[in-house]
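Breakdown of the fold
Each chain is listed here by its residues.
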Amino acid sequence: MRANRILHLCLLFLPTFLFAQPADPFKPDSRPAASMASMELVWQDEFNVDGKPDPANWTFEHGFARNQELQWYQPDNATCVGGALVITGKRERVKNERYVTGSPDWRLNREYANYTSASLQTRGLHQWQFGRFEIRARIDTVKGAWPAIWTLGVNGRWPANGEIDIMEFYRIKSVPTILGNIAWGSATAQSGTWDDAKIPLTHFMANDGEWAKKFHTWRMDWTKDSITLLLDDEVINTTALNQTINPDGSNPFLKPHYLLLNLALGGNGDDPTQTKFPVKYEVDYVRVYQLNNQQPSTASH
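Keep in mind the model is a prediction, meaning the values are calculated, not measured.

Looking only at helices and strands, the chain features 2 helices and 17 strands. The C-alpha radius of gyration computed for the chain amounts to 21 Å, which stays within 12% of the reference 19 Å derived for 301 residues, consistent with globular compactness. Each principal axis of the C-alpha atoms in the chain carries an extent, and together these give about 90 × 45 × 40 Å. The buried share among the 301 residues of the chain stands at 50%. If you take every contact in the chain between residues at least 6 apart in sequence, the share linking residues at least 24 apart comes to 70%. Across the chain, the 30 positively charged side chains and the 33 negatively charged ones have centroids separated by 3 Å.

Time to look at unusual backbone geometry. With an omega of 5 degrees, the peptide bond running from tryptophan 158 to proline 159 counts as cis. With respect to the helices and strands, the residue proline 159 is situated in the loop between β9 (145-153) and β10 (163-172). Cis rather than trans, the peptide bond between phenylalanine 277 and proline 278 has omega equal to 5 degrees. By secondary structure assignment, the location of proline 278 is in the loop between β16 (257-265) and β17 (279-291). If you check the backbone angles, phenylalanine 47 has positive phi at about 55 degrees while not being a glycine. In this model, aspartate 233 sits at a positive phi of 70 degrees, which is unusual for a non-glycine residue.

Next up on the list: the pattern of salt bridges. The final tally for this structure, using the stated rule, is 13 salt bridges. The salt bridge involving aspartate 221 is made with arginine 132; its shortest N-O contact spans 2.8 Å. Here aspartate 221, found in strand β13 (residues 216-222), pairs with arginine 132, found in strand β8 (residues 131-138); they are 89 residues apart in sequence, far enough to count as distant. One salt bridge connects lysine 198 with aspartate 196, and the closest N-O pair in it is separated by 2.8 Å. In this structure lysine 198 comes out as partly exposed when scored by relative accessible area, which is 44%.

In terms of residue burial, β8 counts as a mostly covered element, since 8 of its 8 residues are buried. What you see with β8 is no split at all: Gly131, Phe133, Ile135 and Ala137 on one side and Arg132, Glu134, Arg136 and Arg138 on the other are buried throughout. In the sheet, β8 pairs with β13 via 7 bridges, with the strands oriented antiparallel. Each residue of the ladder has a partner; that of phenylalanine 133, found in β13, is methionine 220. Pairing between β8 and β17: 7 bridges, direction antiparallel. Looking across to β17, one finds that arginine 132 is bridged to tyrosine 289.

Right, let's talk about the sheet that holds β9 for a bit. Ordered by their spatial adjacency, 7 strands build an open sheet running β2-β7-β16-β9-β10-β11-β12, and the pairing between neighbours is antiparallel. Sheet topology places β2 (59-60) and β12 (193-200) at the edges, where each strand pairs with a single neighbour.

Turning our eyes to something else, we now look at the layout of surface pockets. In this structure, the largest pocket encloses a volume near 990 Å³. Arg66, Trp150, Leu152, Trp158 and Glu163 are the residues nearest the centre of the largest pocket, which is lined by 33 residues in total. Those elements that provide at least two residues to the lining of the largest pocket are β9, β10, β11 (175-184), β12 and β16. Counting residues per element, the lining of the largest pocket draws most heavily on β9, which supplies 5 residues. Per-class residue counts for the lining of the largest pocket are 13 nonpolar, 9 polar and 11 charged. Computed from the structure, the second largest pocket encloses a volume of approximately 490 Å³. Residue lining of the second largest pocket: 20 residues in total, with Asp29, Glu134, Arg136, Thr217 and Tyr285 positioned closest to the centre. Of all the secondary-structure elements, those providing two or more residues to the lining of the second largest pocket are β8, β13 and β17. Residue composition of the lining of the second largest pocket, grouped by class: 9 nonpolar, 3 polar and 8 charged.

What counts and what doesn't
- Residues numbered from 1 in each chain as written.
- Predicted model: local features only at pLDDT ≥ 70, side-chain atom pairs only at ≥ 80, totals over all residues.
- Heavy atoms only, no water.
- Helix = DSSP H or I, 4+ residues; strand = E, 2+ residues; numbered from the N terminus.
- Rg over C-alpha atoms; globule rule 2.2 N^0.38 Å.
- Buried < 20%, exposed > 50% of the residue type's maximum accessible area, 1.4 Å probe, protein only.
- Contact = heavy atoms within 4.5 Å.
- Lys, Arg positive; Asp, Glu negative; His and termini not counted.
- Charge placed at Lys NZ, Arg CZ, Asp CG, Glu CD.
- Salt bridge = Lys/Arg side-chain N within 4 Å of Asp/Glu carboxyl O.
- Pairing = 2+ DSSP bridges.
- 1 Å grid on protein atoms, 1.4 Å probe; cavity = no way out; pocket = protein on both sides within 12 Å on 5 of 7 lines; lining within 4 Å.
- Points joined across faces, edges and corners; volume = space filled by probe spheres on them.
- Nonpolar A, V, L, I, M, F, W, Y, C, P; charged D, E, K, R; others polar.

Have a look at this one:
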């Protein structure tokens, strides 16, 4: 009889025990988002439905975008499969429909792009002010890749609208590097003031030789006082918001931001000429939490 009671108790608590186990770092995590006593899950995309990303959550950038990068952004390079958003960088030739012979604008004077990728954003659909942002992703660390998780303020132009780089990966003087950055306005037009953190990839690989093959959790804790960026619970950067003041006295981090997920090629990512393609950037989920007594600032139109 006692043995039966023990078996019954084991079966009773088995689901809780299984749920408490860590996720397989090599696979998307299909379990529901964790609940938090003091925070409410106000928005999420789990990418669990195969096909194109949900148009109620994401729009796409098109063509050449910024930083004289090499890729042509197009929706075809983003799809949801197996519980993750997969952004694929490809080596392929695409004609620039905006090409203008002799134009001084780099977006116009390239007749062709030799690489394609995708950039998704919540601009015009969802925006937030403050909260915990949690993104589980696996990045490709090959030469030429520049994956990012970042936000931009909805008000004004860069850099006065503010930029938060929850995650960037690229090479600095040929050294593979993980970055977490905050940028706001400066006295020089189109030049930001930066609080940036640059951590060589070897810092993470030293304790885990398979680090680059695994999913990892990037997090931002954003309050009215500070922004803290973390990777697998390790603090990467903390910025006090009493320092992030634009020349006009405004503070871009006390206003709403929207989220971007993109895989750039070239630029800071370095020369991808010798890189084996395709390059993949996989996002398992995006979750946004806010304090229970805080009015959710996400908007959907």
